[in-house]
Amino acid sequence: MSSILDKSPRLKYEVEQVAEVAGYLWEKGWAERNGGNITVNITDAVTDEIRELSSISAPVPIGVTLPELCGCWFFCKGNNRRMRDLARWPMDNGSVIRITDDCAHYEIMADNPVKPTSELPSHLSVHAWLLRNGSPYRASLHTHPIQLVAMSHNAEYLKNDVLSRLLWSMIPETKAFCPRGLGIVPYMLPSSVELANATIDVLADDYDVVMWEKHGVFAVGPDIMEAFDMVDTLNKSAIIFRDAMAMGFVPDGMSDSQMSELSTVFRLPK
Ligand code: 13P
Ligand code: ZN
């Protein structure tokens, strides 16, 4: 069977990257059953030939109107689809959608009529916000990283930037590669528009990764690999913290002067 991927090498590359990340999420144990979702704004990878395709679904309301996304194209993990299956068969467990000209619906364009993730309102609202702000970011990832989610069950860590500082201080790379830290969104119903709006409010406070309390994280990046790497880096710090505690001591963490030196030398925000 022919695939839309045959019509654009760039689109094929983007979907292969999604599949690679989906495999990592499963291997890390962050993607139980259908847990987590990925969307990528693929509009720049869409060729004239692809634009002439007819939709394979009726228009479906998004639940929000997003003027910045009119006519934009996305690759989305399917609702209730497993990351481990997305890794092996991306076009059977995800779909290419196009936002209709009223900016309030999507149509499925290819390859199969796979309904997009239930977190589509959050993902698309974030993509619209990114475009509105002139951001080059095109990928968003929601996943359930075990140790970070565990830490969100302690109210102390949910106070402003307590968790960011603790995670940064576990290993220098964390601040170097995730310099904006980890924003916090209090618990809200999964897939709700309220959760989407709260996520944008926290991203707008200058975070690339936000914690959804007792649920997971939501990350944005220039591409899906960068978004994944930031979550992986933060969760690595959470594992170091956990392992030190399991060895029977509270880790010292890097000192304030070591953090400050790192920020100066690598030109990171203080
Ligand atoms: P979907 O299967 O709809 O993507 O939902 C998974 C999830 O993690 C919801 O938060
Ligand atoms: Zn989830």
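So, a few notes on the structure that sits alongside this text. (Residues numbered from 1 in each chain as written. Chains lettered and ligands numbered in written order. Predicted model: local features only at pLDDT ≥ 70, side-chain atom pairs only at ≥ 80, totals over all residues. Heavy atoms only, no water.)

Quick word on the nonpolar core
If you look at the biggest cluster of nonpolar residues, it comprises 49 residues, and the most contacted ones within it are Leu25, Ile38, Val96, Leu167, Leu182 and Val209. No other element matches the nine residues that helix α10 (residues 224-246) contributes to this core. Once residues within four sequence positions are removed from consideration, isoleucine 38 is found in contact with Val18, Val21, Ala22, Leu25, Phe75, Cys76, Lys77, Met83, His123, Ser140, Leu141 and Ile224. In terms of nonpolar packing, the next biggest core, distinct from the first, is built from 15 residues, Trp129, Val185, Ile200 and Phe218 among them. (Core = buried A, V, L, I, M, F, W, Y, C linked by side-chain atoms within 4.5 Å. Buried < 20%, exposed > 50% of the residue type's maximum accessible area, 1.4 Å probe, protein only. Helix = DSSP H or I, 4+ residues; strand = E, 2+ residues; numbered from the N terminus. Contact = heavy atoms within 4.5 Å.)

Topic: the packing of aromatic side chains
Summed over the entire model, instances satisfying the criterion amount to four aromatic pairs. Summarising the aromatic geometry, the rings of tyrosine 24 and phenylalanine 228 are spaced 5.4 Å apart at their centres and angled 35° between planes, so their arrangement reads as tilted. Linking tyrosine 24 in helix α1 (residues 9-27) with phenylalanine 228 in helix α10, this pair joins segments that are 204 residues apart in sequence. The class of tyrosine 24 is partly exposed, set by a relative accessible area of 29%. Overall, phenylalanine 228 belongs to the buried group, its relative accessible area being 4%. Centre to centre, the rings of tryptophan 212 and phenylalanine 218 are 5.5 Å apart; their planes meet at 25°, and the pair counts as stacked. A single burial state applies to tryptophan 212 and to phenylalanine 218, both of which are buried. (Phe/Tyr/Trp six-rings, centres within 6.5 Å; stacked < 30°, edge-to-face > 60°.)

Focus on the pairing of strand β9 (residues 216-221)
Along β9, six of the six residues are buried, which leaves the element largely enclosed by surrounding structure. Alternating positions in β9 separate into two faces, Gly216, Phe218 and Val220 on one and Val217, Ala219 and Gly221 on the other, with burial throughout. Both strand β6 (residues 139-143) and β9 contribute to a ladder of five bridges, which runs antiparallel. The residue bridging serine 140 from the neighbouring strand is valine 220, located in β9. Where strand β8 (residues 209-212) lies against β9, four bridges are found, and the strand directions are antiparallel. (Pairing = 2+ DSSP bridges.)

Focus: the site of ligand 1
Inspection of the region around ligand 1 gives 13 residues, with Asn34, Asn79, Asn80, Ser118 and Glu119 positioned closest. Residue glycine 36 places a main-chain N or O atom 2.8 Å away from an oxygen atom belonging to ligand 1. The separation between an oxygen atom of ligand 1 and a polar side-chain atom of asparagine 37 is 3.0 Å. When ligand 1 is considered free in solution it has 310 Å² of accessible area, and contact with the protein chains removes 92% of it. A per-class count over the shell around ligand 1 returns no nonpolar, eleven polar and two charged. (Near = heavy atom within 4 Å. Polar contact = N/O pair within 3.5 Å; in protein donor to acceptor, adjacent residues only side chain to side chain. Areas by Shrake-Rupley, 256 points an atom, 1.4 Å probe, with all protein chains shown as cover. Nonpolar A, V, L, I, M, F, W, Y, C, P; charged D, E, K, R; others polar.)

What to know about the sheet that holds strand β7 (residues 182-185)
Sheet architecture is open: nine strands sit in the order β2-β5-β4-β3-β1-β6-β9-β8-β7, paired in mixed fashion. The two strands at the open ends of the sheet, each matched to only one other strand, are β2 (60-61) and β7. Docked against the sheet, α1 engages β1 (37-41), β3 (73-77) and β6, running at close to 160° with respect to β1. Along the sheet, helix α9 (residues 193-204) contacts β7, β8 and β9; its crossing angle with β7, the most-contacted strand, is approximately 150°. (Axes fitted to C-alpha atoms, helices over the stretch in contact; angles between N-to-C directions.)

Re the pairing of β1
Of all five residues in β1, five are buried, a share of seventy percent or more. Residues of β1 alternate between two faces, with Asn37, Thr39 and Asn41 on one and Ile38 and Val40 on the opposite face, all of them buried.

What to know about α9
For α9, built from twelve residues, the straight-helix expectation of 16 Å at 1.5 Å per residue is met to within 8% by its first-to-last C-alpha distance of 16 Å. For α9, the complete set of buried residues consists of Leu195, Ala196, Ala198, Thr199, Ile200, Val202 and Leu203. Of the surrounding secondary structure, the elements contacted by the buried residues of α9 are α5 (120-132), β7, β8 and β9. Looking one or two residues past α9, aspartate 206 carries a phi angle of roughly 85°, positive in sign. (Expected span 1.5 Å × (residues − 1).)

A few points about the state of the cysteines
Considering all chains together, one arrives at one disulfide under this definition. The disulfide partner of cysteine 70 is cysteine 103, and the gap between their sulfur atoms is 1.7 Å. Taken together, the residues span a long stretch of sequence, with cysteine 70 in the loop between β2 and β3 and cysteine 103 in the loop between β4 (94-99) and β5 (105-110) at a distance of 33 residues. With a relative accessible area of 30%, cysteine 70 lands in the partly exposed category. Judged by its relative accessible area of 10%, cysteine 103 falls in the buried class. For the unlinked cysteine cysteine 72, the closest cysteine sulfur is that of cysteine 70, found at 8.0 Å. (Disulfide = S-S within 2.5 Å.)

Quick notes on the pattern of salt bridges
The final tally for this structure, using the stated rule, is twelve salt bridges. Note that arginine 132 is salt-bridged to glutamate 68, the shortest N-O span being 2.6 Å. In this pair, arginine 132 is assigned in helix α5 and glutamate 68 in the loop between β2 and β3, connecting sequence segments 64 residues apart. On the accessibility criterion, arginine 132 (49% relative accessible area) is partly exposed. With a shortest N-O distance of 2.7 Å, aspartate 85 and arginine 88 are connected by a salt bridge. One end of the pair, aspartate 85, and the other, arginine 88, are both in helix α3 (residues 83-88), three residues apart, so they sit about a helical turn from each other. Relative accessible area serves as the criterion here: at 15%, aspartate 85 is assigned to the buried category. Linked by salt bridges that have partners in common, Arg180, Asp206 and Asp208 make up one network. (Salt bridge = Lys/Arg side-chain N within 4 Å of Asp/Glu carboxyl O.)

So far we have only geometry, and geometry alone does not tell us how the molecule works.
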